[in-house]
Amino acid sequence: MNTTWKSKLTSSLFVLPYLILFTVFLLIPIVYGAWMSLHNWDLLNPVHEFVGLKNYAKIFDPKSYVHNLFFEGLKNTLKFVVFSVPLLVVVGLGLALLINSLPGRLKGLFRTVYFIPYSVSVSVVAIIWLWLLDTNSGLINNYLTGLNLPAIPWLTDMPWAWVSIVIATLWWTIGFNMVIFINALNDVSEELYEAGSLDGANRWQRLIYITLPSIKPTMLFVLITSTIASFNIYGQPYLMTRGGPGTETKVLLMNIVDEAFKQRQLGNAAAMSLLMALLMIIISVAQLRISNRKE
Amino acid sequence: MQSKASKTVVIIVAILIGLIFIVPIIWMLATSFKTDQEAFTAGLKWLPEVFTLENYQYALGGNADTPVLQWMGNSLFVGIVGTLIVLVVDTLAAYGLARLDVPFKKFFIAMFIGSLTIPWVITFLPLYMEFNTFGLLDTYAVLILPYSANAFGVFLLYQYFRGFPKELEEAAFLDGANKWQVFTKVVLPSARPVIWTLAIFTFMGIYNDFLWPLVTTNSPGMRTITTGIAVMQQGSFVSSPAKLMALTSIATIPAVLLFVIGQRSFIKGVTQSGIK
């Protein structure tokens, strides 16, 4: 009996280090965050008054500034999700199909080239695109005016600010989705394609009836991870448009950070974070449900 | 199956798209050798009129507000240490859960895997307050420790260890090895490819993170390269595009080189991680 007790103890020691880190940096913060959201929590004031669900009530009270902060930010974040996610999935798949139809030796080369921007950080991405898209001295407007086309206010006018942010995001992250799709495409069984060819299916029909159904789990994975990543957008508008013009590209995470560190109202900000997280979970579950129902 | 003509078309399309990915980086490099004044002037000059290394001298010159080398050092340091911590605790926990007689095993597995569905934003502000309470903001601890709670690695390695043939371990146990010896001598060496995958993912995640290091550090010497550049872009370099481009070039070149060298393992890693 003594030996099993001892054995269980030594086995537990394997899990213990991670369990401690998990508890301190994940479990406790989750509870602590919920606790913060129930208080009037000023960053500089050591006294935190318990206010119950008042911070949440403020978010849903149209007269409160927190209401505007949350829903304006959410609207802008959702806009980015709607603009970016379909492109992140479709362009990612398109590039993967393109790479796969290249002759063998070129595949690796182009995969590397398309994947390179993924290695740089968001501040580098923002700065590169800021100066490519600059209205007066940017490369792109210089080409446009060279072709006698009007210069476009890429970063200072709507809808161009969103176009710019989406372009920079695609350029930066599309390589990752592409690699995942390439892996999935390579796993589609050759026999299916051969059978398709025997039945006289052309290239388009093979894509619709063989490729797409075969890689459906991957599409779902890319869809959900891209949606989550787009929900978390912060760096691109923070650095490229600073939320402008006006507050048109001021996304929810920017408003949460401002409320927490500029207004120092951590209680409000924690409530906003919790609602944002809840919404992200609901949307992910909905995406899973909808795609499973179709089967 | 494809005709020669259609093959050529595909290659041309691939090259044109490739330019979209490469040209911005080349433009960055070209601008970094121009003067600020020339960078501002409209025109399509790819090569600088006056070739200058001034921007690099300025960026690397050890100014108190732009300690670029220190930033790169910080990024590498937190990336490497953070990754090592993740590798050690994750391999141990995953092996324990996959193979050993850990009490409440099912509960732990469910809790760790379930935590993967929790959006990061939920812990953002409370984590900040936690570090604030212990006076650890603006230190290496705040830049390293939070990443260690992520269950992705435990999940990835747990899957791997469960598929690992038991016979090898049993043979070692029969030879009188204890759990720790079996783990370090038999199991870990076999898991090298998965561990490498986890290392690359973790390192890139920490190295490229933006918002967390941005809000938790404020002294110039504690910045990572990503946040340091962002602060310069919003601050003293706001109207110095050429200096900014030198800064980003310095940050980019090692990252791109490392990436091109390591991308094979990275791509293999994507496959192995079961993201299919």
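Keep in mind that this is a model prediction, so the values were computed, not measured. (Residues numbered from 1 in each chain as written. Chains lettered and ligands numbered in written order. Predicted model: local features only at pLDDT ≥ 70, side-chain atom pairs only at ≥ 80, totals over all residues. Heavy atoms only, no water.)

## Some points on the overall build of chain B
Thought 1: Each helix and strand in chain B was counted, giving 14 helices and 0 strands.
Thought 2: Along its sequence from the N terminus, chain B presents helices and strands in the succession α-α-α-α-α-α-α-α-α-α-α-α-α-α.
Thought 3: Here the C-alpha atoms of chain B give a radius of gyration of 24 Å, more than 25% beyond the 19 Å that 2.2 N^0.38 yields for 276 residues.
Thought 4: When its C-alpha atoms are laid out on the principal axes, chain B stretches across 75 × 65 × 35 Å.
Thought 5: Across the 276 residues of chain B, 51% fall into the buried class. (Helix = DSSP H or I, 4+ residues; strand = E, 2+ residues; numbered from the N terminus. Rg over C-alpha atoms; globule rule 2.2 N^0.38 Å. Buried < 20%, exposed > 50% of the residue type's maximum accessible area, 1.4 Å probe, protein only.)

## Topic: the pattern of salt bridges
Thought 1: Following the criterion strictly, the structure yields 7 salt bridges over all chains and no others.
Thought 2: Taking the shortest distance from any N to any O, the salt bridge between D42(A) and R264(A) comes out at 3.5 Å. Linking D42(A) in the loop between β1 (39-40) and β2 (49-50) with R264(A) in the loop between α12 (252-262) and α13 (266-293), this pair joins segments that are 222 residues apart in sequence.
Thought 3: Relative accessible area serves as the criterion here: at 18%, D42(A) is assigned to the buried category.
Thought 4: The partner of R99(B) in a salt bridge is E169(B), and the shortest N-O contact between them spans 2.8 Å. Within this pair, whereas R99(B) is found in helix α4 (residues 68-99), its partner E169(B) is found in helix α9 (residues 166-174), the two being separated by 70 residues in sequence. In terms of burial, R99(B) and E169(B) fall into one category: buried. (Salt bridge = Lys/Arg side-chain N within 4 Å of Asp/Glu carboxyl O.)

## Overview of the UniProt feature "transmembrane region" (unreviewed entry) in chain A
All names here are of chain A.
Thought 1: Here the UniProt-annotated "transmembrane region" (unreviewed entry) positions come out as residues 12-35, 80-100, 112-132, 160-186, 207-234 and 269-290.
Thought 2: The span residues 12-35 shows a helical share of 100% and a strand share of 0%, and its end C-alpha atoms are spaced 30 Å apart.
Thought 3: When the span residues 160-186 is considered, its composition is 100% helix and 0% strand, and the gap between its end C-alpha atoms is 37 Å. (UniProt positions renumbered as here; feature names shortened; annotations may be inferred.)

## Side note on the UniProt feature "domain: ABC transmembrane type-1" (unreviewed entry) in chain B
Thought 1: The feature "domain: ABC transmembrane type-1" (unreviewed entry), as given by UniProt, occupies residues 72-262 of chain B in the numbering adopted here.
Thought 2: Secondary structure over residues 72-262 of chain B splits into 76% helix and 0% strand, and the C-alpha atoms at its two ends are 19 Å apart.

## A closer look at the UniProt feature "transmembrane region" (unreviewed entry) in chain B
Residue and element names in this part refer to chain B.
Thought 1: If you check UniProt for "transmembrane region" (unreviewed entry), the listed places come out as residues 9-30, 76-95, 107-128, 140-158, 194-215 and 244-262 in our numbering.
Thought 2: With 100% helix and 0% strand, residues 76-95 has end C-alpha atoms that lie 28 Å from one another.
Thought 3: Taken as a whole, residues 107-128 contains 77% helix and 0% strand, while its terminal C-alpha atoms sit 28 Å from one another.

## Regarding the UniProt feature "domain: ABC transmembrane type-1" (unreviewed entry) in chain A
Thought 1: The positions UniProt marks with the feature "domain: ABC transmembrane type-1" (unreviewed entry) are residues 74-287 of chain A.
Thought 2: A distance of 19 Å separates the end C-alpha atoms of residues 74-287 of chain A, which is 76% helix and 0% strand.

## Topic: the nonpolar core
Thought 1: Counting residues in hydrophobic clusters, the biggest one holds 174 residues, and the most contacted among them are Y114(A), W129(A) and F112(B).
Thought 2: With 16 residues, helix α7 (residues 160-187) of chain A is the single largest residue contributor to this core. (Core = buried A, V, L, I, M, F, W, Y, C linked by side-chain atoms within 4.5 Å.)

## Focus on the environment of A255(B)
Thought 1: Inspection of the secondary structure puts A255(B) in helix α14 (residues 241-272).
Thought 2: Remark: the alpha-carbon pair of A255(B) and Y207(B), spanning 48 residues in sequence, is separated by 9.8 Å.

## Let's talk about the interface of chain B and chain A
Much of the literature gives interface size as the accessible area that the parts lose upon coming together.
Thought 1: Contacts between the two partners involve 99 residues from chain B, matched on the other side by 89 residues from chain A.
Thought 2: Across the chain B/chain A interface, buried area totals approximately 8,200 Å², and carbon plus sulfur atoms make up 77% of it.
Thought 3: Inspection of the chain B/chain A interface yields 0 salt bridges.
Thought 4: On inspection of chain B and its partner chain A, the count reaches 15 residue pairs in polar contact (both at pLDDT 80 or more).
Thought 5: Residues of the side of chain B that touches chain A, tallied by class, amount to 72 nonpolar, 21 polar and 6 charged. (Contact = heavy atoms within 4.5 Å. Buried area = accessible area lost by both parts, 1.4 Å probe. Polar contact = N/O pair within 3.5 Å; in protein donor to acceptor, adjacent residues only side chain to side chain. Nonpolar A, V, L, I, M, F, W, Y, C, P; charged D, E, K, R; others polar.)

## Some details on helix α8 (residues 152-163) of chain B
Note that an α-helix has 3.6 residues per turn; residues three or four places apart therefore point the same way.
Thought 1: The end-to-end C-alpha separation of α8(B) is 17 Å, in line with the 16 Å expected for 12 residues at 1.5 Å each.
Thought 2: Residues G153(B), V154(B), L156(B), L157(B), Y158(B) and F161(B) constitute the buried set of α8(B). (Expected span 1.5 Å × (residues − 1).)

## What about a nonpolar patch on the surface?
Thought 1: There is a patch of nonpolar side chains on the surface, built from L13(A), L16(A), I20(A), V24(A) and I28(A) and spanning about 400 Å² of accessible area.
Thought 2: Mapping L16(A) onto the fold places it in helix α1 (residues 2-36). (Patch = residues over 30% accessible without salt bridge, like charges linked within 9 Å, V, L, I, M, F, W, Y side chains within 5 Å. Areas by Shrake-Rupley, 256 points an atom, 1.4 Å probe, with all protein chains shown as cover.)

## Overview of the packing of aromatic side chains
The geometry of two aromatic rings is summed up by the distance between their centres and the angle between their planes.
Thought 1: Counted according to the given criterion, the structure contains 41 aromatic pairs over all chains.
Thought 2: On the basis of an interplanar angle of 75 degrees and a centroid distance of 5.8 Å, the ring pair of Y32(A) and W41(A) is categorised as edge-to-face.
Thought 3: The class of W41(A) is buried, set by a relative accessible area of 5%.
Thought 4: Site record: aromatic cluster; members linked through ring pairs are F14(A), Y95(B), Y160(B), F161(B), F164(B), W180(B) and F183(B). (Phe/Tyr/Trp six-rings, centres within 6.5 Å; stacked < 30°, edge-to-face > 60°.)

## Concerning the packing of α9(B) against helix α10 (residues 179-190) of chain B
Residue and element names in this part refer to chain B.
Thought 1: As a packed pair, α9 and α10 sit with axes 10 Å apart at the nearest point and diverge in direction by 130 degrees. By the angle between their axes, α9 is oblique relative to α10. Between α9 and α10 the crossing geometry is right-handed. When α9 is examined against α10, the residues L168, E169, A172 and F173 are found in contact with a partner set consisting of K179, V182, V186 and V187. (Axes fitted to C-alpha atoms, helices over the stretch in contact; angles between N-to-C directions. Parallel < 35°, antiparallel > 145°, perpendicular 65-115°, else oblique. Left-handed = near helix turned anticlockwise from the far one by under 90°.)

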